[in-house]
Amino acid sequence: MARKAYPPDLTSIELVDTMGLVLMVVVPAANIQDRDGAKLVLEKVLGRFPRLKLIWADGGYSGKLIDWVREQCQWVLEIVKRSDQSKAAAAVQDDNWPCS
């Protein structure tokens, strides 16, 4: 899941698949925390994607949300944390990307 900022009071919380295709977007009020907005998104997709089993999210979605997702949706919410090594790997990958 990801949060994107738009004009001053608008943000969106998105659920995408591993190819980056959008599964669901919710635009909550700007004062809604990431974890609370994630519940809005996940409630909307509940029952729509029967193959959905695992959700990756960044550290902003940790805490009680992990248990909520397991109990309410029967999915696994895995928090993926960035490390300095992953940033370096991304930089190397960018440098080696073939040019057209």
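The rules behind the values
- Residues numbered from 1 in each chain as written.
- Predicted model: local features only at pLDDT ≥ 70, side-chain atom pairs only at ≥ 80, totals over all residues.
- Heavy atoms only, no water.
- Helix = DSSP H or I, 4+ residues; strand = E, 2+ residues; numbered from the N terminus.
- Buried < 20%, exposed > 50% of the residue type's maximum accessible area, 1.4 Å probe, protein only.
- Contact = heavy atoms within 4.5 Å.
- Areas by Shrake-Rupley, 256 points an atom, 1.4 Å probe, with all protein chains shown as cover.
- Axes fitted to C-alpha atoms, helices over the stretch in contact; angles between N-to-C directions.
- Parallel < 35°, antiparallel > 145°, perpendicular 65-115°, else oblique.
- Left-handed = near helix turned anticlockwise from the far one by under 90°.
- Nonpolar A, V, L, I, M, F, W, Y, C, P; charged D, E, K, R; others polar.
- Polar contact = N/O pair within 3.5 Å; in protein donor to acceptor, adjacent residues only side chain to side chain.
- pLDDT = per-residue confidence, 0-100.
- Salt bridge = Lys/Arg side-chain N within 4 Å of Asp/Glu carboxyl O.
- Pairing = 2+ DSSP bridges.

Engineer: Kindly report on the overall build of the chain, identifying the contributing residues and their values.
Structural biologist: Scanning the chain for helices and strands turns up 3 helices and 5 strands. Going residue by residue from the N terminus, the α and β elements of the chain occur as β-β-β-α-β-α-β-α. Every one of the 100 residues in the chain was classed for burial, and the buried ones make up 24%. A separation threshold of at least 6 residues defines the contact pool for the chain, and within that pool the share at least 24 residues apart is 38%. Taken as a whole, the chain presents about 7400 Å² of accessible surface, with 54% of it coming from carbon and sulfur.

Engineer: Got a sec to walk through the packing of helix α1 (residues 34-45) against helix α2 (residues 64-73)? Specific residues and values, please.
Structural biologist: Two numbers describe how α1 lies on α2: the axes approach to 11 Å, and their chain directions differ by 15°. With respect to their mutual orientation, α1 and α2 come out roughly parallel. Read as a crossing pair, α1 and α2 show a hand that is right-handed. Across the interface between the two elements, Arg 35, Ala 38, Lys 39, Leu 42 and Glu 43 of α1 pack against Leu 65, Trp 68, Val 69 and Cys 73 of α2. A per-class count over the contact of α1 with α2 returns 6 nonpolar, no polar and 3 charged.

Engineer: Describe in detail the side chain of Ser 12, supporting the description with residues and values.
Structural biologist: Following the sequence through the fold, Ser 12 ends up in strand β2 (residues 11-16). Here Glu 14 takes part through its side chain, which lies 3.4 Å from a polar atom of the side chain of Ser 12.

Engineer: Tell me about the confidence of the model for the chain, residues and numbers included.
Structural biologist: When pLDDT is averaged across the chain, the result is 80; 72% of the residues are at 70 or more. A low-confidence stretch, residues 91-100 stays under pLDDT 50, and its non-local contacts, those more than four residues away or across chains, total 0 contacts.

Engineer: Could you give an account of the pattern of salt bridges, naming the residues involved and the relevant values?
Structural biologist: Applying the stated criterion to the full structure yields 1 salt bridge. Of the charged contacts in the structure, one is a salt bridge between Asp 67 and Arg 70, with a shortest N-O distance of 2.4 Å. One end of the pair, Asp 67, and the other, Arg 70, are both in helix α2, 3 residues apart, so they sit about a helical turn from each other.

Engineer: I'd like to hear about unusual backbone geometry, residue by residue, with values.
Structural biologist: We note that Gln 74 has phi near 60°; this positive angle belongs to a residue other than glycine. Here Gln 74 lies in the loop between α2 and β5 (76-79). Looking at Gln 74, the relative accessible area reads 58%, which means it is exposed.

Engineer: Describe the pairing of β2, naming the residues involved and giving the relevant values.
Structural biologist: Buried residues dominate β2, accounting for 5 of its 6 residues. Where β2 meets strand β3 (residues 22-26), 4 bridges bridge the pair, whose relative direction is antiparallel. Residue Val 16 lies in a different strand from β3, and its bridge partner there is Val 22. In this antiparallel pair of consecutive strands, β2 and β3, the connection spans 5 residues, and Gly 20 shows a positive phi of 90°.

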